[in-house]
There are 2 protein chains.
Amino acid sequence: MQEGTRARLAKKPAMTLFATAAMGAAANTHSLSDGASNEAASYRIGDLAKHFGVSLRTLRFYEDKGLVSPRREGMTRFYDDADKARLELILLGRRVGFTLRDVKQMLDLYDPVGQNARQFRLALEKSEKQMTRLHKQRESINSAIDELSGLIANLRQRLDVSAPAKKTG
Amino acid sequence: MQEGTRARLAKKPAMTLFATAAMGAAANTHSLSDGASNEAASYRIGDLAKHFGVSLRTLRFYEDKGLVSPRREGMTRFYDDADKARLELILLGRRVGFTLRDVKQMLDLYDPVGQNARQFRLALEKSEKQMTRLHKQRESINSAIDELSGLIANLRQRLDVSAPAKKTG
DNA sequence: GCCAACTATTACGTTTACGTAAATGTAGTG
DNA sequence: CACTACATTTACGTAAACGTAATAGTTGGC
């Protein structure tokens, strides 16, 4: 019972947030068929894993956490474009430091009908909090860098090591 | 067997590194006696916890990890100035992002006899690595901040929320 | 009909630095 | 003696996001 509760999601959100979040992220309609097609895109787990540069484990993990729920054919997962969009969002969330739990809260607010103002508001709220957190972290890192560089200087002096001498040829 | 192996340290290093690391850190000889005394300083766990602003748990944890080893009188721990100095170092290490394992490696190299060049060299080496790590982290955070601020702007626009309006009259 | 490639599930392991009980001992004070 | 403040130990819990087996079923091509 380590990997939580296998969850069933609502139905296949087209991701209102996605358009918001996409923001230039390559939204390739990289289907299985050759050129321009209007058949429903369908990806297998390996396809998306490669596409997003994540492991199969990761995708299954996200599903287990209720972040995506690809349809099944037999046992095999099949992701459509909506799933792909969700994943894009999830990964964006991770990049900016949201926890999966946060991401889930936001995604869960998605309502296929309506303009999803609540979802947006929550996203904005969380984003602003996350922003201040990031700023604090940066400050903390800056302090660390300062203190550490002082220490390094001191150590070098004591060891009489003038500089790293990366290439004094 | 969760908290590792209760370790016995060498003997009571006077912390060669400490002089290096102290770097302006208030080195109050904040003993139990009033003014200037030359009696061996002795602190109880609560004293140092308060002094350093950490929990008792933290100090015991550090001991359990072999980072300090105060003497005992009966069951009770008594820390002297050397222990205090070690703690100062440990906490400095933590501030700049070293793991306790790193800190221990460095402290373990302390040799009461000799100029401890090896200790210094290891410290320098680790410090430089840590420095690059910190720079990378900062870069990562900067990217996150950038991406997040883009997202925020977008969300605000969609919600038609011009600004946080921290105090608009 | 077989092999390779891909997929599935279950479930323990990892990392770091403590938090948080729970039960008990000890020292000093009135 | 009782009370209070402080100390001790053991040991499970936490957070986050997967990694890594181990075992096994499925599919497509030649």
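What you see is a predicted model; the values in this text were computed from it and never measured. (Residues numbered from 1 in each chain as written. Chains lettered and ligands numbered in written order. Predicted model: local features only at pLDDT ≥ 70, side-chain atom pairs only at ≥ 80, totals over all residues.)

### Some points on the relation of the copies chain B and chain A
Condition: A least-squares fit on C-alpha atoms brings the copies together, and the residues used are those whose pLDDT is at least 70 in both copies.
Once turned by 180° and shifted 0.0 Å along the axis, chain B lies on chain A with an RMSD of 0.1 Å. Both copies of the chain, as the preceding transformation shows, are related through a two-fold rotation axis. No C-alpha of chain B approaches the rotation axis more nearly than that of B:Arg138, which lies at 3.2 Å.

### Observations concerning the interface of chain B and chain A
Quick note on the threshold: A pair of residues counts as a contact when their C-beta atoms, built from backbone coordinates, are separated by no more than 7 Å. Helix and strand definitions here come from DSSP, where helices need a minimum of 4 consecutive H or I residues and strands a minimum of 2 consecutive E residues; each element is numbered from the N-terminal end. Any residue that is not Ala, Val, Leu, Ile, Met, Phe, Trp, Tyr, Cys, Pro, Asp, Glu, Lys or Arg is counted as polar, Gly included; the first ten are nonpolar and the last four charged.
Taken together, the contacts link 32 residues of chain B with 32 residues of chain A. Of all elements in the fold, only α1 (16–22) and α6 (117–159) of chain B reach the threshold of two or more residues within the side of chain B that touches chain A. Per element, the largest residue contribution to the side of chain B that touches chain A is 26 residues, and it comes from α6(B). Residue composition of the side of chain B that touches chain A, by class: 17 nonpolar, eight polar and seven charged.

### Concerning the confidence of the model for chain A
All names here are of chain A. To keep things clear, this is the line we draw: Known as pLDDT, the predictor's per-residue confidence is scaled from 0 to 100.
Counting all residues, the mean pLDDT for chain A is 81, and 73% of those residues have values of 70 or more. Here residues 1–11 is a poorly scored stretch, pLDDT under 50, and it has eight contacts once near neighbours within four places are set aside; other chains count. pLDDT under 50 marks residues 23–36. Its contacts with residues more than four places away, or in other chains, come to 11 contacts.

### So, the protein's contact with DNA strand C
Threshold: For each residue, a C-beta position is placed from the backbone atoms; the residue is near a molecule or strand when that point lies within 6 Å of it.
Around DNA strand C, the surrounding shell holds 22 residues, and the nearest of these are A:Arg44, A:Gly46, A:Arg77, B:Ser55 and B:Arg57. Listed by contribution, the elements that provide at least two residues to the surface near DNA strand C are α2 (45–52), α3 (56–64) and β2 (76–78) of chain A together with α3 (56–64) and α5 (100–108) of chain B. Of the residues forming the surface near DNA strand C, the biggest block, three residues, is contributed by α3(B). Taken together, the residues that form the surface near DNA strand C break down as six nonpolar, eight polar and eight charged.

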